[in-house]
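Topology and contacts: notes
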Amino acid sequence: MLQVYFPLPLPILLSASAAAIVAWTACISIYNIYLHPLSKFPGPRLAAATIWWKAYIELYKKQGLVDKLTELHALYGDIVRIGPNELHFAKPEAYHELYSVNNPWDKDHMLYDALSLDGRSSFTTLKYQEAKRRRDVIMPLFSRRSMLDMQHLIRDNVDILCSTVKERHGKGQPWDVYLAMRALTIDTITSFCFAKPQNALYSPGFDAPLAKAMTMTLPMGNIFKHFPLVRWALNRLPKALVLAVKPGLAGFYHFVETTTKQVHEVMRDPKALANAPHPIIYHELLSEQNRIKLTARQLIDEATLLVFAGTDTASNTLTLGTVHVVHNRDIYAKLKQELLEIWPTLEDRPTYEELEKLPYLRAIIKESLRLSGGTITPMTRVVPAEGAVICENFIPGGAVVGMSNVFVHQSDRVFPEPHVFRPERWLDPDTPLDNWLVAFHKGRRSCVGINLAYCELYLAFANLFRRFDMALDSVTPSDMVWKEYYLPHYEGKNLRIISTPVLL
Ligand code: HEM
């Protein structure tokens, strides 16, 4: 029989190892607190000492990081050290310094590894130069020109939404705006990118299986961030086992299977793309001009991340905006009036380009983007080797820096009474605010889908408010509760709306 030989008795060996680990951890912590290049920056001692402080806040205390950051900035000022090697900034001006087009900085692995699947998409690629090559390939599909040409795809989905809302009126049933908007954004992005809508809008009560799966996976991102091995292991578990424990993930598997099938088809026979009803993402990714040859796995990851990037971001904006406008009858009346002027009879629908010119609708969209925020977690970037000056402070190379856009969008210096939904603030020519709308991020890694998102927001808001009279069913804006898990994650009451179709 094999015998293991220990030079010392096992209990002594274990105690010595434990003592060595404690001593090593203590040395590292002392170095981090007193000698690390970021040691002059204020913040909680524990955060300076160890990366596990964030895990303690997010996983043990179950507090959203952005809420914690608000407390910390009130205590420590505009710059707070929130990890041994990480700083967070609060001054609105710092956002533009950090995420400037002049800063081709890399993304930090801790956050973006947690958001990636097995490989890297254009979203989770860390190195700026590599990400740029990927972005350059997919950008033409998301250009403004492409949006103008393909706006009918979005309109078709908005029409499906409106006809279901009308049907529910016929049955005397309200509809859930949060579920409906998620179904709309899922079908829009999947028809736009792949010409294969998920038919989420046909799910009973708009309760789409893919949206349900997204609701379950988003909070898991926090676990993946601190324990990357969990993500690695979950990605390798057999589907049957995962579904036995979490049946709600079925929609995610269905989506990945549809995507995998399509990817294998187009890779086997790229000429088949000629039969697609309109340009789709694989025309760009598999084009002869694209010199980056992606594997099937990479194509599947790219497709999946596009769907995740384009769903909750836009649907949160639509949900929040709709609830506020329906609740506030003055805003509601002004929007109706503006829509009636450009769209006097229901049959003569304005185009997206015409809707874009409506100042009040535009102001409502900006206010909805401001308060819903898009991605609200601090988007972490790595300062290049030569260091950088931010907020008049030299930040050494290699430091991880970030800023949640909540500190811009809810700054009472930039947006007085920041918690109030007030579209009029965007109409004052004396205080132009556009520079402070950062929902789509700024700089080199800003949102690829901005044109698609705007087209969706204009068409959905305009159609719903022109084609229906709406009232909230026993809910108010204060019932909307969100918790931050990278994106805002909805945790409030069901947001039911009663809608009556208008006849003319
Ligand atoms: C209201 C809707 C949307 C908002 C507020 C929004 C916001 C954002 C933000 C803040 C980022 C930066 C994220 C980060 O670096 O961590 C981002 C990146 C991105 N967004 Fe959007 N987004 C929206 C819709 C969309 C849509 C419809 C698509 C569909 C294609 C999309 C695709 C992407 C991609 C691919 C990136 C990664 C860019 C890169 O890393 O270089 N987004 N978006």
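Residues numbered from 1 in each chain as written. Predicted model: local features only at pLDDT ≥ 70, side-chain atom pairs only at ≥ 80, totals over all residues. Heavy atoms only, no water.

**Considering the layout of surface pockets**
Over the atoms rolls a probe the size of a water molecule, and in doing so it shows where empty space is left. Applicable threshold: In the cavity and pocket records, a cavity denotes points on a 1 Å grid over the protein atoms alone where a 1.4 Å probe fits but cannot get out, a pocket denotes an open set with protein on both sides within 12 Å along at least 5 of 7 lines, and lining residues are residues with an atom within 4 Å of a point. Grid points are joined across faces, edges and corners, and a volume is the space filled by probe spheres set on the points. Starting at the N terminus, helices and strands are each numbered in turn, a helix being any DSSP run of H or I of at least four residues and a strand any DSSP run of E of at least two. Gly counts as polar in this scheme, as do all residues outside two lists: the nonpolar Ala, Val, Leu, Ile, Met, Phe, Trp, Tyr, Cys and Pro, and the charged Asp, Glu, Lys and Arg.
Quantified by volume, the second largest pocket comes out at close to 820 Å³. For the second largest pocket, the lining is made up of 32 residues, of which D67, L371, V406, Q410 and H419 are closest to its centre. Of all elements in the fold, only helix 4 (65-76), helix 15 (296-327), helix 18 (359-372), helix 19 (406-409) and strand 10 (482-485) reach the threshold of two or more residues within the lining of the second largest pocket. If one sorts the elements of the lining of the second largest pocket by residue count, helix 4 sits on top with 4 residues. Of the residues that constitute the lining of the second largest pocket, the class distribution is 12 nonpolar, 14 polar and 6 charged.

**With respect to the nonpolar core**
Keep this limit in mind: Residues belong to one nonpolar core when they are buried, are Ala, Val, Leu, Ile, Met, Phe, Trp, Tyr or Cys, and are joined through side-chain atoms within 4.5 Å. Exposure classes here rest on a 1.4 Å probe applied to the protein chains alone. A residue is buried below 20% of its type maximum, exposed above 50%, and partly exposed in between. Here, two residues are considered to be in contact whenever any of their heavy atoms come within 4.5 Å of each other.
Grouped together as the largest cluster of nonpolar side chains are 141 residues, with contacts concentrated most on F89, F142, I281 and Y282. With residues up to four places along the chain from it excluded, the contact list for Y282 reads F194, T259, Q262, V263, V266, L273, S287, L299 and A303. L117, L249, F252 and Y253 belong to the second-largest nonpolar core, a separate cluster that totals 7 residues.

**Some thoughts on the site of the ligand**
Put simply, the test is: It suffices for a single heavy atom of a residue to lie within 4 Å of a molecule or strand for the residue to be listed as near it. Each polar contact in these results corresponds to two N or O atoms within 3.5 Å; when the atoms are within protein, one needs to be able to donate a hydrogen and the other to accept it, and residues that are neighboring in sequence are counted only if both atoms are side-chain atoms.
Around the ligand, the surrounding shell holds 29 residues, and the nearest of these are K107, Y112, R135, C447 and Y486. Contact between the ligand and R135: an oxygen atom at 2.7 Å from a side-chain N or O atom of the residue. In the environment of the ligand, an oxygen atom lies 2.8 Å from a nitrogen or oxygen atom belonging to the side chain of Y486. If you list the elements that add at least two residues to the shell around the ligand, you get helix 15 and helix 20 (450-467). Looking at the shell around the ligand residue by residue, the classes come out as 16 nonpolar, 9 polar and 4 charged.

**Points about the UniProt feature "transmembrane region" (unreviewed entry) in the protein chain**
So the rule is basically this: UniProt positions are given in the numbering used here, feature names are shortened, and annotations may be inferred rather than shown by experiment.
Per the UniProt record, "transmembrane region" (unreviewed entry) is found at residues 12-35. Measuring from the first to the last C-alpha atom of residues 12-35 gives 33 Å, for a span that is 100% helix and 0% strand.

**A short note on helix 13 (residues 250-268)**
Condition: By definition here, a helix of n residues has an expected span of 1.5 Å times n minus one.
Helix length check: helix 13 (19 residues) gives 27 Å between terminal C-alpha atoms against 27 Å at 1.5 Å per residue, within 8%. Within the sequence span of helix 13, burial applies to G251, F252, Y253, F255, T259, Q262, V263 and V266.

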